[in-house]
Amino acid sequence: MSPRHGNVSQKPKDLKKAGRDLYLYLKPYLIPLIIALAVGVVSAILTIFIPNLLGEMTDAIVSSVVDPLNSGPLDMAEVSRIGVIMLAFILVSALCSLTTTLIFNKMTLKMSKKLRDDLERKINLVPLSYYSKNAYGDVLSRFTNDVNLIIDSVNNSLSPIVTGVFQFLGCAVMMFITDWRMALTAILSSLLGFVFTFLIMGKSQKYFVAKQETLGNLNGYIEEIYGGHDVVRVSGADDQVKADFRSYNGAEMKANFMAQTLSGLMPILNTFIGNFAYVAVCVVGAAGVSEGWFAFGVITSFIVYVRLFTQPLSSISQGFAQMQSCLAASERVFSFLSEPEISSEEGKTARIEKVRGEVEFEHVRFAYDDEPDKIVIKDFSCHVSPGQKVAIVGPTGAGKTTLVNLLMRFYDLVGGRILIDGVDIAKMKRESVHDLFGMVLQDTWLFEGSVRENLVFNREGVSDEEIMKAARACGIESFIMSLPKGLDTVLDDNTSISAGQKQLFTIARAMIQNNPMLILDEATSNVDTRTEILIQVAMDELTSNRTSFVIAHRLSTIKNADLILVISHGDIVEQGNHEELLAKQGFYAKLYNSQFDEEVGDGSIDSIIKEKGFARNGAN
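Residues numbered from 1 in each chain as written. Predicted model: local features only at pLDDT ≥ 70, side-chain atom pairs only at ≥ 80, totals over all residues. Heavy atoms only, no water.

(A) Summary view of the overall build of the protein. Within the protein one finds 20 helices and 14 strands. Taken across its 620 residues, the protein has 47% of its residues classed as buried. Partitioning the intrachain contacts of the protein with sequence separation of at least 6 by distance along the chain shows that 79% fall at a separation of at least 24. Carbon together with sulfur atoms contributes 58% to the accessible area of the protein, which is approximately 31,600 Å² in total. (Helix = DSSP H or I, 4+ residues; strand = E, 2+ residues; numbered from the N terminus. Buried < 20%, exposed > 50% of the residue type's maximum accessible area, 1.4 Å probe, protein only. Contact = heavy atoms within 4.5 Å. Areas by Shrake-Rupley, 256 points an atom, 1.4 Å probe, with all protein chains shown as cover.)

(B) The packing of helix α4 (residues 76–123) against helix α6 (residues 136–178), seen in detail. Contact geometry for α4 and α6: axes closest at 10 Å, N-to-C directions at 155 degrees. In terms of orientation, α4 lies roughly antiparallel with respect to α6. Relative to α6, α4 is oriented so that their crossing is right-handed. For the pair α4 and α6, contact is made by T100, F104, N105, M107, T108, M111, S112, L115, R116, L119, E120 and I123 and by R142, F143, T144, V147, N148, I150, I151, V154, N155, L158 and S159, respectively. Here the contact of α4 with α6 is composed, by residue class, of 12 nonpolar, eight polar and three charged. (Axes fitted to C-alpha atoms, helices over the stretch in contact; angles between N-to-C directions. Parallel < 35°, antiparallel > 145°, perpendicular 65-115°, else oblique. Left-handed = near helix turned anticlockwise from the far one by under 90°. Nonpolar A, V, L, I, M, F, W, Y, C, P; charged D, E, K, R; others polar.)

(C) Looking closely at the pattern of salt bridges. Applying the stated criterion to the full structure yields 11 salt bridges. The residue R417 makes a salt bridge to E362 at a minimum N-O spacing of 3.0 Å. With R417 in strand β4 (residues 415–420) and E362 in strand β1 (residues 359–367), the pair connects residues that are 55 residues apart, well separated along the chain. On the basis of relative accessible area, R417 is assigned to the partly exposed category, the value being 35%. The exposure class of E362 is partly exposed, given its relative accessible area of 26%. (Salt bridge = Lys/Arg side-chain N within 4 Å of Asp/Glu carboxyl O.)

(D) Spatial organisation of the sheet that holds strand β3 (residues 389–393). Strand order in this open sheet of six strands is β6-β9-β10-β3-β11-β12, and the pairing throughout is mixed. Whereas interior strands pair on both sides, the edge strands pair on one side only; in this sheet they are β6 (437–440) and β12 (571–576). The mean angle between the axes of side-by-side strands here comes to 20 degrees, regardless of whether they run parallel or antiparallel. In the sheet, strand β11 (residues 563–568) pairs with β12 via five bridges, with the strands oriented antiparallel. By the bridge assignment for β12, S568 is matched with D571. The strands that helix α16 (residues 499–513) touches are β6 and β9 (517–521); relative to β6, the one it contacts most, it runs at about 180 degrees. Here helix α19 (residues 587–594) sits on the sheet in contact with β3, β11 and β12, set at roughly 95 degrees to β11. (Pairing = 2+ DSSP bridges.)

(E) Region of the structure containing the confidence of the model for the protein. Per-chain confidence: the protein averages 77 in pLDDT, with 83% of residues scoring 70 or above. Of the regions scoring below 50 in pLDDT, residues 1–12 engages in 22 contacts with residues more than four places distant in sequence or in other chains. Scored below 50 in pLDDT, residues 596–620 makes 34 contacts in the model with residues more than four places away or belonging to other chains. (pLDDT = per-residue confidence, 0-100.)

(F) Main features of the packing of aromatic side chains. In this structure the tally under the stated criterion is eight aromatic pairs. An angle of 90 degrees between the planes, with centres 6.1 Å apart, marks the rings of F479 and F505 as edge-to-face. Pair noted here: F479 is in helix α15 (residues 477–482) and F505 is in helix α16, with a separation of 26 residues, a long-range link. For the residue pair F479 and F505, the accessibility class agrees, reading buried in each case. Between Y588 and Y592, the aromatic rings sit 6.3 Å apart at their centres with planes inclined by 20 degrees, giving stacked as the arrangement. (Phe/Tyr/Trp six-rings, centres within 6.5 Å; stacked < 30°, edge-to-face > 60°.)

(G) Molecular detail of a nonpolar patch on the surface. Taken together, the side chains of F176, W180, L184, L188 and L191 define a hydrophobic patch exposed on the protein surface, amounting to about 510 Å² of accessible area. Among the elements that make up the nonpolar patch, the one with the highest residue count is helix α7 (residues 180–227) (four residues). Position of L188 among the secondary structure elements: in helix α7. (Patch = residues over 30% accessible without salt bridge, like charges linked within 9 Å, V, L, I, M, F, W, Y side chains within 5 Å.)

(H) Spotlight on the nonpolar core. Counting 39 residues, the largest nonpolar core has I480, F505, I558, I564 and Y588 as its most contacted members. Counting only elements with at least two residues in this core, the list comes to β3, α13 (451–455), α14 (464–473), α15, α16, β9, β11 and α19. Of all the elements, α16 adds the most residues to this core, at seven residues. Excluding its chain neighbours within four sequence positions, the residues that come into contact with Y588 are V393, L555, I558, I564, V566, E574, H578, L581 and L582. Counting 33 residues, the second largest nonpolar core, distinct from the first, contains V384, A398, L403 and F549. (Core = buried A, V, L, I, M, F, W, Y, C linked by side-chain atoms within 4.5 Å.)

(I) Expanded view of the side chain of T163. As for its placement among the helices and strands, T163 is situated in helix α6. The exposure class assigned to T163 is buried, which follows from its relative accessible area of 14%.

What follows is the structure in structure tokens.
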């Protein structure tokens, strides 16, 4: 069952491993990272000297104002000297902060590209079985939400945490150097913030993990429902879908609310602690000045020190909150990157230069990775001559589509071999095998683009004449010509096109691809009987001298197949042509007789062919 159908996992998450994985991923960027952090530390260190300079300037001003007879006129030269030093520190600190920001931005952009490239590479290496067990929306959420969260957290949290720690420790040291009594006052009044911060961080961690998981579940459910929107409406399942959505959305909302609320308490708490510290410093400072412990400028210095001391506490707490989300997202992303991959293609150089289309299945055995003891294809052997049209029939779950997936090398065999023109496909790269086949699936796919772009997808140099020939063969020529701009008409949500026409488009696309061999998996499932007959006649011509494999539940569509393979429970139970199999009165005959007779007789077939402009020996 897909993970979107269950509750959020209650198993403890290995965040230490997620942290290690993130560190290993950051390792190639360690040098610029260290430079950026070092420059940021310099900025923090320069900042902590400013309060003392401000205190000296305050003393210089106050002494001349409070006691002008003894101290004389205001020493502007001294005030100016201190001001210039302060300005220099501020400018250099700002320049260092800017440098840190620029380095981090450049580093995280490179990291983002690498992470997405690795995910793109991984998505093509993960076995198909992974996608049968995981929602596409959840996988997409890792590519978008989780990656964005990782990059934003590294960019916005790592530097504030490191520089905040140095600023925090530096302020503590400078405060004790300035006056230990005021330092204790400032630290003790701020210490309360530490206790609450760490308590909140401990409580909020599980909600950050749950937030990412529930978001992935919600995305997966939304994509699933939008994909089957018509079925939902026809089934009258609106209320059930809304109830399920409220459940998924409620879980995400609760986790997100708790995570954001607890993390949001930290800056509010730190603001309160900072203000409380201001009051404490002023009260103790006033007593200290009256007792002659220090000059008035020390109070000014400590008012600034309190801000510099509590500010990192806020930055650090917020940074840690973001890093918690980052680690939760990292765990999801790196768990996907660590998924088992299909076998390596290195060293597989076998190719077929001139394809004849001879296919040999030799004692093929297959079981899915998650169920190695459950053999799906037990002992499959078959020889297909070049140019033959092979039909694969059998009840649901018999292994028809699995057999085609093995032929395309979407899965690896447990035992036996599959040879094309005498070459073991296990010694060929998957891309080389895929190039041999044109494939039409039951699920149609049209993208927003012109009719021409949809039909010549990934092919260059295809003439309009070739396009219209394929369209004519599939019976969609008149539909294309009726469009406002013909082949240049853009197909989008506003274009009225039926499910059957979409299927015809995908069949025409496969014809234009002109691969040496063809695979049609339930290719006529979405068309009516009249259209099916037209496709059948056209395909007879277009598949001539081309090895083709046809999977169909409608046995009427494969009457003229050269070879019919009848599969049951992973084994071939019968094989032969249509007449031979009917004469045996076996499994195939039972399947055929259990279906309804054709709605259109042979006489009607001829009239339809004549009506559409077909010839019995091919398309015009």
